[in-house]
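# Per-entry structural report
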Amino acid sequence: MSTGIKNLVQTLDSVDFLKMDRRTFMKAVGFLGASTFLSSFQTEIVNALEFAETKIVWLHGSESTGCSESLLNAGNPDIIQALTKLNVNLAYHETLLAQQGIFVDGKLANTSELNSEILLEDLIKEGKYILVIEGSIPNGPKGSGRYLVLGNKTFKDIIGEAAKNAAVIVAVGACACWGGITSANSAIVQDTDYRGVGFLKTDAAKGILNELNIDKPVINIPGCPPHPDWILLTIGAIILGKIRVPDDLTVILDKYNRPKVFYPPDHVVHDNCPRRGYYDQGLFDDQAGGSNCLWKMGCKAPYAHGDCAIRKWNGSVSVCTQAGPCIACVEPGFPDSSRPLYVEAENKGILLGENVGTIAKVAIGAAAVAAGVHAVRRMKGE
Ligand code: SF4
Ligand code: SF4
C-alpha cells in the first residue's frame, strides 16, 4: 500500500465512515482497491448490513462474457470473499448458475431450483435487487429484439421486465453501457441495431430503456472489460447506501453516467503512464517491443478518462500501456470512438468529439518543449 493510501486509510479509520457525506466517501472509495476497502471498513460494513442480504440479478446480453471473467479474475479479494463480506446473494448469473435447464435427468424441471427461467421470473416478481447487465441488447430486426431470444422471450423484453422491478441498475462493460463492439459500424449494424442499456454510443435517447419507455437511471461501468475494482466498489457503495438512486447522481456520476471516482473528468490514463517520461522527451516507438511512448502507434490514453495507470490491473502490478497502446476502452462510443485503433490519433481528425489535430499538435509541441528542456539539462550536465 502506498504511503498516500496508508495515510488516507488512517484518516478514514479515525472518522465514522458511515456518517461521511457521499462525496467524501466516494473519494475514499476511488483511492482504495476492493481489498483495502473491505478490510479497512470490515466492522462498519458488518454493522451497516446488519446481516441483511442484497440480491443481485446479473443478466448477459450479446457479449463475450469478458466482464464477468474480469470480475472472476479479481484476486484480492476474490469474488467469493467480496460477495461474502458484502453479504451479497448473487441470485442469478447465467455463467455461474447451478440450474440445469428445462429437463434434468429426463424429467421436466419446473422449479426455480432447477430451471433458470422460473428462477428469473420469481426473482423479478420479488423485486428489490441490484440489476447488473453485461452485454448489449439487440433491437433488431425491425425493433423486434428477436436476434437474441432466451427461452421463449427476447432479451429486450427480459430487460424491460427486470429493469421495472430493480432497485438499482448497473451496466457493466462497453457493450452494456453503449453498445460496444456489437454496435460498431459495419454493413449489418442497422439491421442488428444493438443498444446499450442507457445509451447508444453517446446518445441517451437511443438506450434500450428509452426504447422501452422505462425512465430509470443507469450507473455505467464501462471498459472492455472494466476493472474488477470498479465493479466491486460501485456495488459496495450501492449496498452501503452511499450511492442512492436517483438522489444526487449528478454529483457522483459524469454526463455519461460513469462514477467520477474511477473515470475522473480531469484525469486521463496518459497522466500516470509508466512511459510518460519518454513522451515528455519526445521519444516515440513506431513498432512493437520498444520501451518508448506509444503515441505514434495509436495510443489513445490522452483521451481515456480512467484511473487505470494509478489503480493498475492484474493485482495492481501493470497497466495496458506497458504492453501496447491504450485503446480508450472506457470512453463512450468505444470502439468506434477509438478506431482505427493503432493509428496515431493526430491522423484521425476528430476523436471523441475533440479536434485531435489541434490537441496532438499541442501535445507534440509540449513534448518538443520538454525534449528541449531535457536537452538543455543534459548539456548543462544536470
Ligand atoms: S504510451 Fe500512451 S499513455 Fe503512455 S505516455 Fe505515451 S501516449 Fe501517453
Ligand atoms: S488503459 Fe486504456 S485500454 Fe487499458 S483499461 Fe484503461 S482505458 Fe482501457
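Above this text is the structure in question.
A few points on the structure. (Residues numbered from 1 in each chain as written. Chains lettered and ligands numbered in written order. Predicted model: local features only at pLDDT ≥ 70, side-chain atom pairs only at ≥ 80, totals over all residues. Heavy atoms only, no water.)

This part is about the overall build of the protein chain. Check the secondary structure of the protein chain and you find 16 helices and 13 strands. Split into buried and exposed, the 382 residues of the protein chain put 51% on the buried side. Contacts in the protein chain between residues far apart in sequence, at least 24 positions, make up 70% of those at least 6 positions apart. Of the roughly 17,900 Å² of accessible surface on the protein chain, a fraction of 52% belongs to carbon and sulfur atoms. (Helix = DSSP H or I, 4+ residues; strand = E, 2+ residues; numbered from the N terminus. Buried < 20%, exposed > 50% of the residue type's maximum accessible area, 1.4 Å probe, protein only. Contact = heavy atoms within 4.5 Å. Areas by Shrake-Rupley, 256 points an atom, 1.4 Å probe, with all protein chains shown as cover.)

Our focus in this paragraph is a nonpolar patch on the surface. There is a patch of nonpolar side chains on the surface, built from Ile 102, Phe 103 and Leu 108 and spanning about 330 Å² of accessible area. Within the element layout of this structure, Ile 102 appears in the loop between strand S2 (88-93) and strand S3 (103-104). Accessibility expressed as a relative area gives 46% for Ile 102, which makes it partly exposed. (Patch = residues over 30% accessible without salt bridge, like charges linked within 9 Å, V, L, I, M, F, W, Y side chains within 5 Å. Salt bridge = Lys/Arg side-chain N within 4 Å of Asp/Glu carboxyl O.)

Before going further, it helps to spend a moment on the site of ligand 1. Within the structure, ligand 1 sits among His 270, Cys 273, Arg 275, Arg 276, Tyr 279, Cys 293, Leu 294, Trp 295, Cys 299, Ala 301 and Thr 321. Classifying every residue of the shell around ligand 1 gives 7 nonpolar, 2 polar and 2 charged. (Near = heavy atom within 4 Å. Nonpolar A, V, L, I, M, F, W, Y, C, P; charged D, E, K, R; others polar.)

Moving on, we come to the environment of Leu 200. Assignment of secondary structure puts Leu 200 in the loop between strand S10 (194-195) and helix H11 (208-211). Residue Leu 200 is classed as buried on the basis of its relative accessible area of 17%. Separated by 64 residues in the primary sequence, Leu 200 and Ser 136 have C-alpha atoms spaced 9.6 Å apart. Leu 200 has contacts with Trp 178, Ser 183, Tyr 194, Arg 195, Lys 206 and Gly 207, leaving out every residue within four places of it along the chain.

What follows deals with the packing of aromatic side chains. One pass over the structure, following the stated rule, counts 7 aromatic pairs. Arranged with centres 4.9 Å apart and planes meeting at 55°, the rings of Trp 230 and Tyr 263 form a pair that is tilted. Of this pair, Trp 230 sits in helix H12 (residues 228-239) while Tyr 263 sits in the loop between helix H13 (249-252) and helix H14 (276-280), placing them 33 residues apart in sequence. Accessibility assignment for this pair places Trp 230 and Tyr 263 in one class, buried. (Phe/Tyr/Trp six-rings, centres within 6.5 Å; stacked < 30°, edge-to-face > 60°.)

Grouped together as the largest cluster of nonpolar side chains are 86 residues, with contacts concentrated most on Leu 59, Leu 131, Ile 169, Val 197 and Leu 209. In terms of residue count, H12 provides more of this core than any other element does, 8 residues in total. Each of domain 1 (3-252) and domain 2 (269-380) accounts for three or more of the residues forming this core. When sequence neighbours within four positions are dropped, the list of residues in contact with Leu 209 reads Ile 159, Ala 163, Ile 169, Val 197, Ile 214, Lys 216 and Val 218. (Core = buried A, V, L, I, M, F, W, Y, C linked by side-chain atoms within 4.5 Å. Domains from an automatic or database assignment.)

Let's shift gears to the pairing of strand S9 (residues 168-172). Extensive coverage of S9 is indicated by the burial of 5 of its 5 residues. Sheet analysis places strand S5 (residues 130-134) next to S9, joined by 5 bridges and oriented parallel. The residue bridging Val 132 from the neighbouring strand is Val 170, located in S9. Note: S9 against strand S11 (residues 218-221), 4 bridges, orientation parallel. If you follow Ile 169 over to S11, its bridge partner there is Val 218. (Pairing = 2+ DSSP bridges.)

Note that Ile 221 resides in strand S11. A relative accessible area of 0% places Ile 221 in the buried class. Along the chain, Ile 221 and Thr 234 lie 13 residues apart, while their C-alpha atoms are 8.5 Å from each other. Once residues lying within four places of it in the same chain are set aside, the contact partners of Ile 221 are Val 170, Ala 171, Val 172, Gly 173, Cys 177, Pro 226, Trp 230, Ile 231, Thr 234, Pro 259 and Tyr 263.

As a further point, take the pattern of salt bridges. Following the criterion strictly, the structure yields 14 salt bridges and no others. For Asp 229, the salt bridge goes to Arg 311, with nearest N and O atoms at 3.0 Å. In this pair, Asp 229 sits in helix H12 while Arg 311 sits in helix H15 (residues 308-311), placing the two residues 82 residues apart along the sequence. Taking the relative accessible area as the measure of exposure, Asp 229 reaches 12% and is therefore buried.

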